[in-house]
Amino acid sequence: MALFPAPAPRSQRFDLLCGASRQMYLRGGATVVCVTGSLMLAEPAYRSDVPPGVYLPPPARLHAGESFVLAERGPLTLTALTPAHVICLERPGAMAWIRAIAGCWRGLAHKNNPAGRLGALHNISK
């Protein structure tokens, strides 16, 4: 049993027609899932935030049922080779984790003190 429920990842679902492209900027650890069809995923060969001399991997190809995890944050271009249905799952940010932990603590604080119950004091006063 987990101490607190993990926040759900943000997700985007969309369809791409054959030959259509979509540029996205995703966090590191984001997962792209190809539900149907086939996709080409391309990161730019060079980015200004990467040290000189470091090159990113060549384009990846995804078919139905496959997924791709983005190692670092940055732009990603999705191009449909055949009509495709895509799901992008982004990792929850720091604020989502803080809210989940705070909600757990709030629930624990009120668990022993539910509203409207007096407990033993109610039985003594009767």
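Note that this is a predicted model, so its numbers are computed, not measured. (Residues numbered from 1 in each chain as written. Predicted model: local features only at pLDDT ≥ 70, side-chain atom pairs only at ≥ 80, totals over all residues. Heavy atoms only, no water.)

A word on the pairing of strand E3 (residues 31-42). Across three bridges, the pairing between E3 and strand E5 (residues 67-69) is antiparallel. For valine 33, the partnering residue across the bridge sits in E5 and is serine 67. Both E3 and strand E4 (residues 60-63) contribute to a ladder of four bridges, which runs antiparallel. When the sheet's bridge partners are listed, leucine 41 is paired in E4 with alanine 60. (Pairing = 2+ DSSP bridges. Helix = DSSP H or I, 4+ residues; strand = E, 2+ residues; numbered from the N terminus.)

Among the nonpolar cores identified, the biggest contains 18 residues, and Val32, Leu39, Leu78 and Val86 are the most heavily contacted of them. Among the elements that line this core, the one with the most residues is strand E6 (residues 74-90), at six residues. In this view, leucine 78 contacts Phe14, Leu16, Ala20, Ser21, Arg22, Met24, Val32, Met40, Leu41, Val86 and Cys88; residues no more than four positions away in its chain are not counted. (Core = buried A, V, L, I, M, F, W, Y, C linked by side-chain atoms within 4.5 Å. Buried < 20%, exposed > 50% of the residue type's maximum accessible area, 1.4 Å probe, protein only. Contact = heavy atoms within 4.5 Å.)

In this fold, serine 38 is placed in strand E3. Every residue in contact with serine 38, bar those within four places of it in the chain, is listed here: Arg61, Leu62, His63, Thr79, Ala80, Leu81, Thr82, Pro83 and Ala84.

None of this, on its own, says anything about what the molecule does.
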